[in-house]
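A closer look at the structure
One letter stands for each residue in the lines below.
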Amino acid sequence: MALEHALLVALSERPASGLELTRRFEKSLGFFWHATHQQIYRVLARMESDGWVTVEVVEQDGRPDKRVHTPSAEGRRVLADWLAGPMPMEAFRSDVAVKLRGASYGDRARLTGHLTDLRSDHATRLAHYEQMEREQFPDPAALDGATLDQWLVLRGGIRMERFWIEWFTDYLQAHQMSEATP
């Protein structure tokens, strides 16, 4: 997936300025697709020159004018074509997996220390996702359309965080048990 597609989805949900998109990436979209504010602004400029977005200049008192981006007809077509395309199977590519597999050839104690920290980071993210779910989607049965899609993606994120936590816990417990066994 290209950042362009993530931006087209975000702008389809709600037109926005580059700053507003950056904030949305920090609060929700960024959990699933990371982009810096420099990348967002650079890609928005390219999307505008390619005709994928239109820009409305909004005057602001005491501040520079705000440029609000909206998908153009061409941008909506590009997004629809991308959405209609086949989905590639997700590969399990992970630096963590390679490090865990190779742990016997290095300093396992340092690696498990890092793994414990990483598990804690995933637990923090899981708690954040679960809080988002409670606050933003209190009645999932009443959702439809875009809000249903947003909730389902959040549910996927919750499941992924649980996966990482469970896997790291299994790894750590297995090595604790093997070290305790004479």
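What you are looking at is a predicted structure, and each value in this text was computed from that prediction instead of being measured. Each chain carries its own residue numbering, running from 1 in the written order of its sequence. Only residues with pLDDT of 70 or above have their local features reported here, since the model is predicted, and side-chain atom pairs are shown and tallied only from 80 upward, although totals for entire chains, interfaces and linings are computed over all residues. As a rule here, side-chain values cover all heavy atoms of the structure and leave hydrogens and water aside.

A short note on the pairing of strand β1 (residues 53-60)
A pair of strands is treated as paired once DSSP finds two or more bridges between them. Secondary structure elements are defined from DSSP: runs of H or I of at least 4 residues count as helices, runs of E of at least 2 residues count as strands, and each element is numbered from the N terminus. In this sheet, strand β2 (residues 63-71) lies alongside β1 in antiparallel orientation, the contact comprising 7 bridges. By the bridge assignment for β2, Val 55 is matched with His 69. A loop of 2 residues connects β1 with β2, the two strands running antiparallel in sequence, and Gly 62 in this loop sits at a positive phi of about 70°.

Examining the UniProt feature "domain: Transcription regulator PadR C-terminal" (unreviewed entry) in the protein
UniProt's feature table lists "domain: Transcription regulator PadR C-terminal" (unreviewed entry) at residues 93-174, given in the numbering used throughout. The span residues 93-174 is 80% helical and 0% strand by assignment, and the distance between its end C-alpha atoms comes to 22 Å. UniProt positions are given in the numbering used here, feature names are shortened, and annotations may be inferred rather than shown by experiment.

Some remarks on helix α1 (residues 3-13)
Within α1, 8 of the 11 residues are buried, which leaves it mostly tucked inside the rest of the structure. Any two residues whose heavy atoms approach within 4.5 Å are treated as being in contact. Looking at the buried positions of α1, the neighbouring elements they touch are α2 (18-27), α3 (37-49), β1, β2 and α4 (73-84). Using a 1.4 Å probe on the protein chains alone, a residue whose accessible area is under 20% of its type maximum counts as buried, one over 50% counts as exposed, and one in between counts as partly exposed.

Describing the packing of α2 against α3
Across the interface, α2 lies against α3 with an axial gap of 9 Å and an inter-helix angle of 135°. Here α2 lies oblique to α3, going by the angle between them. For the element pair α2 and α3, the recorded crossing hand is right-handed. Mapping the contact onto sequence places Gly 18, Leu 19, Leu 21, Thr 22 and Phe 25 in α2 and His 37, Ile 40, Tyr 41 and Leu 44 in α3. By the convention adopted, Pro, Cys, Tyr, Trp, Phe, Met, Ile, Leu, Val and Ala count as nonpolar, Lys, Arg, Asp and Glu as charged, and the other residues, Gly among them, as polar. Residues that form the contact of α2 with α3 fall into these classes: 6 nonpolar, 3 polar and no charged. Lines fitted to C-alpha atoms define the axes, with helix axes restricted to the stretch in contact, and inter-axis angles between N-to-C directions lie between 0 and 180 degrees. Our angle categories are set so that under 35 degrees counts as roughly parallel, over 145 as roughly antiparallel, 65 to 115 as roughly perpendicular, and the remainder as oblique. Should the near helix be turned anticlockwise from the far one by less than a right angle, the crossing is termed left-handed; should it be turned clockwise, right-handed.

Some thoughts on the domain arrangement of the protein
You can read the domains of the protein as domain 1 (3-84) and domain 2 (95-180). Segment limits for the domains were obtained from an automatic or database-derived domain assignment. On a C-alpha basis, the centroid separation for the pair domain 1 and domain 2 is 29 Å. Listed per partner, the contact involves 5 residues of domain 1 and 8 residues of domain 2. Accessible-area loss on putting two parts together, using a 1.4 Å probe and summing over both, is the definition of buried area adopted here. In this assembly, domain 1 packs against domain 2 so that about 490 Å² is buried in total across both faces, 70% of it on carbon and sulfur atoms. Any Lys or Arg side-chain nitrogen found within 4 Å of a carboxyl oxygen on Asp or Glu counts as a salt bridge. Run the count over domain 1 and domain 2 and you get 0 salt bridges. Any N or O atom pair separated by 3.5 Å or less is treated as a polar contact, with the protein-specific requirement of one donor-capable and one acceptor-capable atom, and with residues adjacent in sequence counted only for side-chain atom pairs. Where domain 1 touches domain 2, the interface holds 1 residue pair in polar contact (both at pLDDT 80 or more). Here the residues of the side of domain 1 that touches domain 2 sort into 2 nonpolar, 1 polar and 2 charged.

Overview of the pattern of salt bridges
Throughout the structure, instances matching the rule amount to 9 salt bridges. Here Glu 4 and Arg 46 are joined by a salt bridge, their closest N and O atoms 2.5 Å apart. Here Glu 4 is found in helix α1, whereas its partner Arg 46 is found in helix α3, with 42 residues between them in sequence. Owing to a relative accessible area of 37%, Arg 46 belongs among the partly exposed residues under this scheme. One network of salt bridges, with partners in common, ties together Glu 74, Arg 77 and Asp 81.

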